[in-house]
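Notes for the structure review
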Amino acid sequence: MLIESEILKMLRKSCLSFLLLACLGGSAYADWAFNFQPAVAPLADDALRIHNRFMVLVIALFVSTMAVMAYSLFYHRKDKGFKPAIFTGPTTPTLWVLSALPFIGLVFVDYVWVGVPAYYAAVTMENTQEGADLVLRVTASQWKWQYEYPAQGIKFVSSLSTPLTQIYQGAAKGDNYLLEVDNPLVLPVNKKIRILLLSSDVMHAWSVPAFGVKRAAVPGFLRETWVKIEKEGTYRGQCAQICGTNHAFMPIVVEAVSVERFAAWVAKKKAEQEALTTSAEKVWTKDELLQHGQGIYEKICISCHLPGGVGIPGVFPALADSKIVNSPYQDASGRLIKDGHLDRVLNGKQGTAMQAFKNTLSDVDIAAVVTYERNSFGNKTGDVLQPVLVRKLR
Amino acid sequence: MHQVLAPNSNRLIVKLVALVLGAFAFGCALVPFYTIICRVTGLNGKTEGVVSWAGGVTADLSRFVTVEFAGTTMQGLSWEFRPTTERITVHPGEITTTTFYARNPTNETLSGQAVPSVSPGWVAQYFKKIECFCFKQQQLQAGEERQMPLVFYVSPDLPVDVHEIALAYSFFPITKSR
Amino acid sequence: MTSATIVEPKDAHPGYPTGLRRWLVTTDHKDIGLLYMGFSAAMFFVAGMLALVFRAELAAPGVQFLQGSLYNQLVTLHGLAMVFAFIMPFATGLNNYLIPLMIGSPRTALPRLSKWGFWLLPLAVMVLLIPFFLQFFGVGDGASQASWTMDNTGLDMQSRLGVDFTIVAVYLFGISSIFGAFNVIVTVLTLRTPTMSLWSMPLFCWGWLVVAFLLLLVVPVLATAVGLLFADRHFGTHFFIASGGGDPILFQHLFWFFGHPEVYIVVLPAWAILPTILSAFSRKPIYGYKAQVYSYWAIAFLGSIVWGHHMLAQGLPLMENLYFMYATFSISVPTSVLIFCWIGTIWRGAMTFETPMLFALGAIVGMLIGGLSGVLIPDAGAYSQYHNTMYITGHFHYPFFGAAVLGMMATVYYYLPKMTGRMYNESLGRLHFWITAVSFNVTFLSMMMVGLAGMPRHVVDYAIKYADWNRVISVAAFVLGAAQLIFLYNVIQTIRGHGEKAADKPWEGAVGLEWTPSSPPPS
């Protein structure tokens with residue numbers, strides 16, 4: 001019996017020290033955050049302020065309750081010879097008043113201490129109906145964001161740029177692992193930006209903690225929120241609504257810049273878009289398309305259709321030997337064949353994980369990847385799809 | 001039940017079964033109830049589906065409202081779809097016409113249903129559509145393109161602190177069979 | 001099944017079925033209770049293992065062995081199995097076993113219904129798990145990926161098999177719990193010993209009465225929600241699809257109309273047993289009996305009208321957000337009345353610290369942290385920083401594990417001598433408590449921290465800055481899982497007859513009719 005209890009004691013100690021070690025030992029990254037990310041926008045300021053107000057009192061409540069409990073656990077013990085009382089409720093008017101006090105305090109905390117500032121914060125949060133300097137349309141789809149500046153005529157898609165080797169093959173991870181995108185959103189500081197949210201498939205949520213913004217994108221419904229960034233910098237967020245297989249790989253990166261730099265960026269982005277249009281107009285060679293298409297395939301399509309286009313039977317169709325891939329994509333008069341290869345890539349398939357890539361990829365990208373798929377994995381259609389045609393059919 | 005229960009417990013069981021059925025009916029009733037609530041208050045931003053032109057509305061020329069348009073096609077609809085005008089500034093009560101552009105680049109006739117949504121949601125009740133392509137399914141022939149009209153006015157009853165509203169259409173594919 | 005190993009009652013009356021037949025044909029409330037408890041305890045370990053699999057994946061950044069789709073399925077199954085196959089049936093098992101003893105009745109009112117309720121459970125679990133295994137044979141795309149709340153109806157529509165099987169399983173679980181609820185209500189209302197009024201019955205009976213009524217109210221609404229989802233998937237309706245005039249948010253309203261009261265369905269049985277245990281080991285009567293009963297009803301009522309605080313980031317109108325915020329705050333009052341009464345019960349008692357008492361005290365602390373971390377969440381001003389982050393995950397494990405599971409463990413230790421006739425190993429029990437208490441708090445406090453820092457939930461992989469906390473969470477989760485093996489060992493040893501013989505009333509301060517019959521009670 002004695003030995004047993006010794007062993008138990010040792011076991012307990014080693015378990016606890018193991019835990020302690022896990023907590024403190026070998027901190028490779030040293031990011032022991034225990035509060036919100038620094039706030040750079042009014043909504044985040046409000047949230048942080050209210051959270052801190054609340055948290056202080058919540059911790060005080062916790063500590064005081066625990067203190068009462070601890071006192072009781074220490075003194076009101078049988079082994080200290082304490083004689084148990086028999087009361088079953090407050091016995092005197094004074095005790096009644098005293099025992100009501102915590103609840104009055106609680107009501108005060110809920111409805112006044114927090115309830116009042118929370119009211120103003122909630123009202124501010126919904127104040128989208130006036131004073132916007134810039135409108136941004138965000139369309140969510142599995143698993144990327146499309147950003148559109150209607151007034152500036154800019155539209156692009158932003159998706160994860162972390163290499164797959166870092167995610168799946170244990171390659172050394174960069175500082176912004178999973179929080180980096182190919183086309184970051186660029187926004188001017190100190191301007192009220194109205195954000196209109198749509199979804200083209202399932203529900204998503206656009207969330208940037210430093211802005212205090214988190215809002216669902218509901219399919220078929222328009223949602224909106226707003227942000228006014230107070231400080232230049234790069235801010236990162238993620239999709240905040242489980243939206244399928246790659247929910248973890250749908251980051252948001254916002255570069256907040258001065259108004260002048262924003263204007264310069266707008267000009268540059270427009271020039272880029274025009275260059276893309278020009279490059280779509282030129283006639284590409286088959287090799288150029290194949291090479292570019294392989295890059296696109298390995299960046300996007302590979303996560304479901306897998307290397308070699310083998311797919312997962314019953315889940316993600318194989319592209320190798322696929323009927324759709326090996327059938328024509330346009331009819332004799334040059335129209336898109338519904339449910340053909342190009343239609344699938346451009347418009348997706350309803351009710352599946354196959355998305356409409358026309359919102360995501362440029363004419364060149366789509367022409368290249370379709371050409372690549374039609375001439376790889378044992379598919380030998382010999383087709384060369386020109387970007388000009390994609391533009392016509394998208 | 002092989003136990004003999006007291007009669008009062010049999011009555012109790014009947015009551016409990018009724019309670020469960022009542023709760024089930026209540027759950028089912030919540031669905032139309034929600035729809036009605038939304039129609040009355042515009043809770044979820046859905047605009048009224050019917051033509052609503054109450055004659056004699058006078059435009060409130062003293063103020064402006066900016067209406068922002070947006071549009072998206074849903075997964076599976078092989079169309080191009082976008083507003084032709086990004087935003088319009090109107091007086092409340094003023095009848096305005098705008099169009100959305102749609103094109104079917106495929107070799108098949110395809111149908112779609114546009115679902116309108118207004119934000120902020122509660123403003124939906126002030127957004128009145130006289131004519132809208134969303135009132136019925138739209139069919140585009142192979143290769144057809146079309147400017148689809150929207151005729152609307154914003155009710156002058158709109159609270160004065162609302163200066164900006166947004167209207168978005170999500171175009172859903174109508175599939176013959178799933 | 002662990003319960004199959006439970007020894008035959010020594011003084012079973014002649015003709016009482018033995019062996020396997022006993023478990024199949026029995027209408028004895030104790031046997032039915034043991035069936036429920038044994039099965040759901042097995043499910044506790046299954047669902048816990050699922051969690052450990054994905055915690056292992058999450059121990060370091062990068063996708064090591066679980067792809068996103070499998071990860072989502074495991075998270076979904078862990079949630080569904082823990083809620084529907086473990087916590088709820090375990091509490092049902094406790095009520096089957098204990099309530100008749102507590103109210104001086106030889107049986108429950110509807111034992112056959114209750115037994116049917118039990119046999120639906122293995123079926124439901126099978127239905128739930130089938131698509132998960134089918135995917136390895138190339139059939140379908142696995143279990144549902146939409147998390148246990150299924151509240152992304154667009155995602156539900158994309159699933160091939162998983163969501164259908166989940167819906168059927170939810171129906172089976174739902175019918176099972178409604179059967180159980182019938183049994184409780186009729187038993188408590190009609191089979192009390194003549195001298196026991198409603199106002200003198202044990203709090204556990206009150207708690208379960210409230211839970212049973214809540215079940216009858218909200219489970220049918222869940223059935224409506226998932227039934228309509230099924231119709232959307234297969235019969236071309238558009239209840240939750242915007243194209244035909246539906247609204248995905250409506251599903252969330254219906255789900256959370258069930259989902260929030262569900263929290264109280266899960267924790268109330270444990271809350272209701274705590275004062276009994278605290279009073280026994282403080283050798284002092286329960287403080288504020290009536291206040292607690294009124295609080296149960298208040299919590300059940302308020303809990304049914306505040307569901308929208310789960311949806312404050314979905315873009316509901318301002319007035320709705322404000323209503324749900326202020327309404328939810330009000331629940332903090334009856335909940336803190338309960339905590340106040342628990343502390344009032346031990347205050348100036350003469351405490352000893354046997355394992356049940358340790359777990360009961362642990363459950364108070366768990367509920368305190370769960371409640372205090374939860375009262376922040378409905379705050380519409382800061383909600384956008386909490387919604388769908390790991391903070392939420394950490395928070396809701398406090399009432400679920402910290403209060404409900406610790407409370408049920410306290411109950412098991414407290415009544416194990418009565419159920420088996422043997423004392424469990426006290427030092428193993430204490431060891432189990434201390435490792436559980438520490439590792440549990442490390443696991444879920446760390447989750448809250450990393451959630452406040454911005455880590456979303458339901459993600460298979462995360463940014464480098466969340467790596468430290470996640471390593472801690474994973475290690476602590478494994479310790480927490482391992483500690484439960486001590487529990488399993490201890491309980492099995494006790495059932496097998498190791499340990500001292502237990503007196504009819506093994507606890508000095510215990511009161512109640514359940515201690516009158518022998519240990520174990522005769523069949």
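Residues numbered from 1 in each chain as written. Chains lettered and ligands numbered in written order. Predicted model: local features only at pLDDT ≥ 70, side-chain atom pairs only at ≥ 80, totals over all residues. Heavy atoms only, no water.

Observations concerning the pattern of salt bridges
The final tally for this structure, using the stated rule, is 27 salt bridges over all chains. One salt bridge in this structure joins A:R137 and B:E86, with 2.3 Å as the shortest N-O distance. Of the two residues, A:R137 sits in strand 1 (residues 134–141) while B:E86 sits in the loop between strand 2 (80–83) and strand 3 (87–90), which places them in two different chains. (Salt bridge = Lys/Arg side-chain N within 4 Å of Asp/Glu carboxyl O. Helix = DSSP H or I, 4+ residues; strand = E, 2+ residues; numbered from the N terminus.)

Brief notes about unusual backbone geometry
Following A:Q142, the chain continues into A:W143 via a peptide bond in cis, with omega recorded as 0°. With respect to the helices and strands, the residue A:W143 is situated in the loop between strand 1 and strand 2 (144–149). Of the consecutive residues C:S519 and C:P520, the connecting peptide bond is found in the cis state with omega at -10°. When you line up the elements, C:P520 lands in the segment after helix 15 (467–495). One non-glycine residue, A:F377, adopts positive backbone phi at about 55°. If you trace the backbone, A:F377 turns up in the loop between helix 8 (363–374) and helix 9 (387–393).

Focus: helix 14 (residues 426–452) of chain C
Along an α-helix, a turn takes 3.6 residues, which lines up residues three or four apart on a common side. All names here are of chain C. Taking 1.5 Å as the rise per residue, helix 14 with 27 residues should run 39 Å; its terminal C-alpha atoms sit 39 Å apart, in good agreement. Within helix 14, 19 of the 27 residues are buried, which leaves it mostly tucked inside the rest of the structure. Where helix 14 begins, one side-chain oxygen reaches toward the backbone nitrogen of S427, 3.0 Å away; that side chain belongs to N425. One or two positions beyond helix 14, positive phi appears at G454, with a value near 115°. (Expected span 1.5 Å × (residues − 1). Buried < 20%, exposed > 50% of the residue type's maximum accessible area, 1.4 Å probe, protein only. Polar contact = N/O pair within 3.5 Å; in protein donor to acceptor, adjacent residues only side chain to side chain.)

Here's the deal with the interface of chain C and chain B
The interface of chain C with chain B comprises 37 residues on the first partner and 29 residues on the second. Together chain C and chain B conceal approximately 2,700 Å² of surface at their shared face, both sides included; 76% is due to carbon and sulfur atoms. Among the residues chain C hides against chain B, the three largest losses belong to C:R112, C:F182 and C:S243. Together they make up 17% of the total. Taken together, the connections running from chain C to chain B amount to 0 salt bridges. Counting only elements with at least two residues in the side of chain C that touches chain B, the list comes to helix 4 (111–134), helix 5 (153–158), helix 6 (162–190), helix 7 (203–234) and helix 8 (248–282) of chain C. Sort the elements by how many residues they give to the side of chain C that touches chain B and helix 7 of chain C lands first, with 9 residues. Of the residues in the side of chain C that touches chain B, the class split is 25 nonpolar, 7 polar and 5 charged. (Contact = heavy atoms within 4.5 Å. Buried area = accessible area lost by both parts, 1.4 Å probe. Nonpolar A, V, L, I, M, F, W, Y, C, P; charged D, E, K, R; others polar.)

As for the domain arrangement of chain A
Residue and element names in this part refer to chain A. Partitioning chain A into structural domains gives domain 1 (35–68 + 89–126), domain 2 (134–275) and domain 3 (282–393). Taking only C-alpha atoms, the centre of domain 2 and the centre of domain 3 are 26 Å apart. Both faces considered, domain 2 and domain 3 share a buried interface measuring about 790 Å² in area, 49% of it formed by carbon and sulfur atoms. Looking at the side of domain 2 facing domain 3, the largest losses of area belong to Q142, K144 and L164, adding up to 41% of the total buried there. At the junction of domain 2 with domain 3, the criterion picks out 0 residue pairs in polar contact (both at pLDDT 80 or more). A per-class count over the side of domain 2 that touches domain 3 returns 3 nonpolar, 3 polar and 3 charged. (Domains from an automatic or database assignment.)

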